[in-house]
Amino acid sequence: MTDNELSNATPKQRAAVRRTRTVARILDESVRVPGTNFRFGVDPLVGILPVSGDTAVAVLSFYIVFEAVRLGVPPKTLAMMGLNIAADVVVGSIPILGTLFDAVWKANVRNVALLEEQIEKSE
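Right, let's walk through the structure included here. (Residues numbered from 1 in each chain as written. Predicted model: local features only at pLDDT ≥ 70, side-chain atom pairs only at ≥ 80, totals over all residues. Heavy atoms only, no water.)

## Topic: the packing of helix 3 (residues 52-70) against helix 4 (residues 75-92)
Alright, step 1. For the pair helix 3 and helix 4, interaxial distance at closest approach is 10 Å and the crossing angle is 175°. Classified by the angle their axes make, helix 3 and helix 4 are roughly antiparallel. From helix 3, Asp54, Val57, Ala58, Ser61, Phe62, Ile64, Val65, Ala68 and Val69 reach across to helix 4, where they touch Leu78, Met81, Ile85, Asp88, Val89 and Gly92.
Alright, step 2. Of the residues that constitute the contact of helix 3 with helix 4, the class distribution is 11 nonpolar, two polar and two charged. (Axes fitted to C-alpha atoms, helices over the stretch in contact; angles between N-to-C directions. Helix = DSSP H or I, 4+ residues; strand = E, 2+ residues; numbered from the N terminus. Parallel < 35°, antiparallel > 145°, perpendicular 65-115°, else oblique. Contact = heavy atoms within 4.5 Å. Nonpolar A, V, L, I, M, F, W, Y, C, P; charged D, E, K, R; others polar.)

## Side note on the packing of helix 4 against helix 6 (residues 107-122)
Alright, step 1. Contact pair helix 4 / helix 6: the axes reach a minimum separation of 9 Å and the direction vectors enclose 175°. What the angle tells us is that helix 4 and helix 6 run roughly antiparallel. Only Ala107, Arg110, Asn111, Leu114, Leu115 and Gln118 of helix 6 make contact with helix 4, whose side of the interface consists of Thr77, Met80, Met81, Asn84, Ile85 and Asp88.
Alright, step 2. Residues belonging to the contact of helix 4 with helix 6 are distributed by class as follows: six nonpolar, four polar and two charged.

## Description of helix 6
Alright, step 1. Taking 1.5 Å per residue, 16 residues should reach 22 Å; helix 6 reaches 23 Å between its end C-alpha atoms and fits that length.
Alright, step 2. Among the structural elements, helix 1 (11-28), helix 2 (42-46), helix 3, helix 4 and helix 5 (97-105) are those in contact with the buried residues of helix 6. (Expected span 1.5 Å × (residues − 1).)

## Remarks on the packing of aromatic side chains
Alright, step 1. Enumeration over the complete set of coordinates arrives at two aromatic pairs.
Alright, step 2. When the ring of Tyr63 is compared with that of Phe66, the centres are 6.4 Å apart and the planes differ by 35°; the resulting orientation is tilted. One end of the pair is Tyr63 and the other is Phe66, both in helix 3 and three residues apart, which spans about a single turn.
Alright, step 3. Aromatic pair Phe101 and Trp105: ring centres 5.4 Å apart, planes at 15°, arrangement stacked. Taken together, the residues Phe101 and Trp105, both in helix 5 and four residues apart, mark about one turn of the helix. (Phe/Tyr/Trp six-rings, centres within 6.5 Å; stacked < 30°, edge-to-face > 60°.)

## As for the pattern of salt bridges
Alright, step 1. This model, assessed by the stated rule, comprises three salt bridges.
Alright, step 2. Measuring nitrogen to oxygen at the nearest pair gives 2.7 Å for the salt bridge that ties Glu116 to Arg21. In this pair, Glu116 sits in helix 6 while Arg21 sits in helix 1, placing the two residues 95 residues apart along the sequence. This pair shows no difference in class: Glu116 is buried, exactly as Arg21 is.
Alright, step 3. For Glu67, the salt bridge identified is with Arg70, shortest N-O distance 3.1 Å. In this pair, Glu67 and Arg70 are both assigned in helix 3, three residues apart and thus about one turn of the helix distant.
Alright, step 4. Each of Arg19, Glu67 and Arg70 takes part in a single network of salt bridges with overlapping partners. (Salt bridge = Lys/Arg side-chain N within 4 Å of Asp/Glu carboxyl O. Buried < 20%, exposed > 50% of the residue type's maximum accessible area, 1.4 Å probe, protein only.)

## Considerations on the nonpolar core
A general tendency of soluble globular proteins is for nonpolar side chains to be buried together.
Alright, step 1. If you look at the biggest cluster of nonpolar residues, it comprises 21 residues, and the most contacted ones within it are Ile64, Ala68, Leu78, Met81, Leu115 and Ile119.
Alright, step 2. Put simply, the parts of the chain that give this core at least two residues each are helix 1, helix 3, helix 4 and helix 6.
Alright, step 3. Sequence-distant contacts of Ile64, defined by excluding residues within four places in its chain, comprise Thr20, Val23, Ala24, Met81, Asn108, Asn111 and Val112. (Core = buried A, V, L, I, M, F, W, Y, C linked by side-chain atoms within 4.5 Å.)

## A word on helix 4
Alright, step 1. If you check helix 4, its first and last C-alpha atoms are 25 Å apart, about what 18 residues at 1.5 Å a residue would give, namely 26 Å.
Alright, step 2. Those residues of helix 4 that sit buried are Thr77, Leu78, Met81, Asn84, Ile85, Asp88 and Gly92. Buried positions in helix 4, seen along its axis, are confined to an arc of 115° and lie on one side of it. Of the exposed residues in helix 4, the ones pointing more than 90 degrees away from its buried face are Pro75, Lys76, Leu83 and Val90.
Alright, step 3. Where the residues of helix 4 are buried, they touch helix 2, helix 3, helix 5 and helix 6. (Arc of directions from axis to C-beta.)

Here's what the structure looks like:
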């Protein structure tokens, strides 16, 4: 979704979406695998560090949830966002498999999409 598609959103909402998209891009899609369209971010790279890596990324991921709370997103959607992060942390903590899961799951991109859906519904 582009900023133009959020044309009825308030300036505060558009600014929050831009910030959360940046966080999601860094964590989930900042690096493209050469010769493919597949992208991954720092989440699977930092997640290689046992326990502390997944914990650090989870803390950063909750920034998107924090922005959603500030914008008044309903509790059901916030719970779904939390479950996305929980799945990322739990499965991501499994050696090797977790790193692959982190690269594919993209919890932050999912959470930004949930945030954008709620903003679109409120317009």
